[in-house]
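Single-letter residue listing:
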Amino acid sequence: MFKLNGKEYKDIELTFNAVCKLEKRGFDISKLADGSNSLSFIRAIISLALNDNEELAGIEIEEHLKNGGTVEEIGQIVTKAVQDSGFFQALAKTQN
């Protein structure tokens, strides 16, 4: 579980299908580390926990910041999703 804007959400699962869904939206996962489209990408990943509703994700992120939350907290949510992703763990093993 993670907290955003005072609300608890189920952890984000970055599965192969979720990554494909993000790529269909125009996000190149290989550019994750270089920060390309970082705000849009963060919103897209957060939206996975909000029934793929990017508009709602943007509202929740903005309200979180207005209420004293930080960008770093949101970044930690995304980082945890990537680190906990079985898909990314398997991908990393194949590149070693």
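Residues numbered from 1 in each chain as written. Predicted model: local features only at pLDDT ≥ 70, side-chain atom pairs only at ≥ 80, totals over all residues. Heavy atoms only, no water.

K.L.:
What should I look at first to understand the confidence of the model for the protein in this one?
P.N.:
Residues shown with low pLDDT carry predicted positions that ought not to be read at fine detail. In the predicted model, the protein carries a mean pLDDT of 89, and 92% of its residues have values of at least 70. Ranking the elements of the protein by mean pLDDT puts helix α5 (residues 86-94) last with 87 and helix α3 (residues 54-66) first with 97. (pLDDT = per-residue confidence, 0-100. Helix = DSSP H or I, 4+ residues; strand = E, 2+ residues; numbered from the N terminus.)

K.L.:
In this structure, what is going on with the packing of aromatic side chains? I would like to understand it.
P.N.:
Ring pairs (aromatic) are described by centroid distance and by the angle formed between their planes. Under the counting rule described, the total for this entry stands at 4 aromatic pairs. Considering the side-chain rings of F27 and F41, the 5.5 Å spacing of their centres and the 65° angle between planes classify their relative orientation as edge-to-face. Of this pair, F27 sits in the loop between α1 (16-24) and α2 (38-47) while F41 sits in helix α2, and the two are 14 residues apart along the sequence. For the pair F27 and F41, a shared accessibility class is recorded, and that class is buried. (Phe/Tyr/Trp six-rings, centres within 6.5 Å; stacked < 30°, edge-to-face > 60°. Buried < 20%, exposed > 50% of the residue type's maximum accessible area, 1.4 Å probe, protein only.)

K.L.:
What exactly am I supposed to notice about the packing of α2 against helix α4 (residues 71-84) here?
P.N.:
Angle between the axes and distance between the axes are the two parameters that describe a pair of packed helices. Contact pair α2 / α4: the axes reach a minimum separation of 10 Å and the direction vectors enclose 60°. When the interaxial angle is binned, α2 and α4 end up oblique. Taken as a pair, α2 and α4 cross one another with a handedness that is left-handed. Each of I42, I45 and I46 in α2 lies in contact with α4, whose residues at this interface are I74, I77 and V78. Of the residues in the contact of α2 with α4, the class split is 6 nonpolar, no polar and no charged. (Axes fitted to C-alpha atoms, helices over the stretch in contact; angles between N-to-C directions. Parallel < 35°, antiparallel > 145°, perpendicular 65-115°, else oblique. Left-handed = near helix turned anticlockwise from the far one by under 90°. Contact = heavy atoms within 4.5 Å. Nonpolar A, V, L, I, M, F, W, Y, C, P; charged D, E, K, R; others polar.)

K.L.:
Looking at this model, I keep getting lost on the side chain of N5. Mind explaining?
P.N.:
Note on placement: N5 falls in the loop between β1 (2-4) and β2 (7-9). Within the structure, N5 has its side chain in polar contact with the side chain of E60 (distance 2.9 Å). Not counting chain neighbours up to four residues away, the residues in contact with N5 comprise E60, E63, H64 and N67. (Polar contact = N/O pair within 3.5 Å; in protein donor to acceptor, adjacent residues only side chain to side chain.)

K.L.:
Which parts of the structure should I look at to understand the pattern of salt bridges?
P.N.:
Pairing of side chains with opposite charge becomes possible as their charged atoms draw close. This structure, assessed with the given rule, holds 9 salt bridges. Residue R25 is joined to D52 by a salt bridge in which the shortest nitrogen-to-oxygen separation is 3.3 Å. Highlighted residues: R25 in the loop between α1 and α2 and D52 in the loop between α2 and α3, separated in sequence by 27 residues. Taking the relative accessible area as the measure of exposure, R25 reaches 29% and is therefore partly exposed. Via salt bridges that share partners, K21, R25, R43, D52 and E54 belong to a single interconnected network. (Salt bridge = Lys/Arg side-chain N within 4 Å of Asp/Glu carboxyl O.)

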